[in-house]
Amino acid sequence: MKKKIIGFSLLVLLLVFAGKYVYDMNINHNFETITVGKVYKSGVIPPDEIESYVKKYHIKSIVDLRMPGTNDLVLNPEKIGEIQAEKNAVAKIKGVNYFGNPSEQVPNKKNIEIFAKIMDNTTNYPVLIHCYHGTGRAELYSALYRIEYENFTNEAARQGVRTLVKFSSFDDGTPKGEYLKAYKTRRELPTEK
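What counts as what
- Residues numbered from 1 in each chain as written.
- Predicted model: local features only at pLDDT ≥ 70, side-chain atom pairs only at ≥ 80, totals over all residues.
- Heavy atoms only, no water.
- Helix = DSSP H or I, 4+ residues; strand = E, 2+ residues; numbered from the N terminus.
- Contact = heavy atoms within 4.5 Å.
- Areas by Shrake-Rupley, 256 points an atom, 1.4 Å probe, with all protein chains shown as cover.
- Salt bridge = Lys/Arg side-chain N within 4 Å of Asp/Glu carboxyl O.
- Buried < 20%, exposed > 50% of the residue type's maximum accessible area, 1.4 Å probe, protein only.
- Arc of directions from axis to C-beta.
- Core = buried A, V, L, I, M, F, W, Y, C linked by side-chain atoms within 4.5 Å.

An unreviewed UniProt entry annotates the protein chain as Tyrosine phosphatase family protein of Flavobacterium frigoris.

Below you can see the structure in the form of structure tokens.
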């Protein structure tokens, strides 16, 4: 009898987590508050829904990290037409900036420079950072925001990207996990003379 209760309890927990994932992915677009009134992250929000998020959260800028043309149907399934549809939808919303910063799963130096330029400009806030799923690049850049602008430690920012970092793409030994652990803030980098 005990085994059946334990098995049933585990099944219920699994269904709750699966239900939350389906809700977040398909209805809520993995939308999450990083810093109230300043920074949010998400997956793709359909063009006909963008304005409602912009109004609700007073978003002034959208940073789109999608990178079409990689032929990676799992991590980067975006298409140029989808990106253009979003640009067109944002262009119709008065006072909202659209910034394209196409990024691989782990950013390069140019991506970081573009991101910092956007985030350094306080008139761009509140900012929505998004990629396709909202669970990889958007979370990585949100962690970078926390490190650069909120003085999080690298480890605190890495642990803050997911409820469960273990076995995720931010775990020890993964490209994203190791990138965040080794990331040097602009304060730590040597200045050029």
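J.: Where do I start with the overall build of the protein chain in this structure?
T.: When helices and strands are tallied, the protein chain shows seven helices and five strands. Each helix and strand of the protein chain, placed in order from N terminus to C terminus, yields the pattern α-β-β-α-β-α-β-α-β-α-α-α. Put simply, of all contacts in the protein chain between residues at least 6 apart along the chain, 67% involve residues at least 24 apart. For the protein chain, the exposed surface amounts to about 11400 Å²; the carbon and sulfur share of it is 62%.

J.: What exactly am I supposed to notice about the pattern of salt bridges here?
T.: Pairing is possible between side chains of opposite charge, provided their charged atoms come close. Taken as a whole, this structure holds 12 salt bridges when the rule is applied. For E86, the salt bridge is made with R66, and the minimal N-O distance between the two is 2.9 Å. Residue E86 is located in helix α3 (residues 80-91), and its partner R66 is located in the loop between β3 (61-64) and α3; the two are separated by 20 residues in the primary sequence. By relative accessible area, E86 is classed as buried at 3%. Residues E155 and R158 are paired through a salt bridge, measuring 2.9 Å at the closest nitrogen-oxygen approach. Of this pair, E155 and R158 are both found in helix α6 (residues 154-159), three residues apart, which corresponds to roughly one turn of the helix. The class of R158 is buried, set by a relative accessible area of 3%. A single network of salt bridges, built from pairs that share partners, joins E155, R158, D172, E178 and K181.

J.: Can you help me understand helix α7 (residues 175-182) in this one?
T.: Turning to α7, its buried residues number three or more, namely K176, G177, Y179 and L180. Seen end-on, α7 carries its buried residues on one side only, within an arc spanning 165°. Opposite the buried face of α7, by more than 90 degrees, sit the exposed residues P175 and A182. Looking at the buried positions of α7, the neighbouring elements they touch are α4 (109-120), α5 (137-149) and α6.

J.: Teacher, can you tell me more about the nonpolar core here?
T.: Soluble globular proteins tend to bury their nonpolar side chains together. Within the largest apolar cluster, 26 residues are counted, with the highest numbers of intra-cluster contacts made by V39, F115, M119, I129, L144, Y145 and L180. Taken together, the elements giving at least two residues each to this core come down to α4, β5 (127-130), α5 and α7. The biggest single contributor to this core is α5, with seven residues. In this structure L144 touches P107, I112, Y179, L180 and Y183, once residues within four positions along its chain are discounted. Of all hydrophobic cores here, the second largest spans 16 residues; its members include F31, Y53, Y57 and I59.

J.: Hey, could you run me through the environment of G160 in this one?
T.: In this fold, G160 is placed in the loop between α6 and α7. Sequence separation of G160 and A143 is 17 residues, and the distance between their C-alpha atoms is 7.4 Å.

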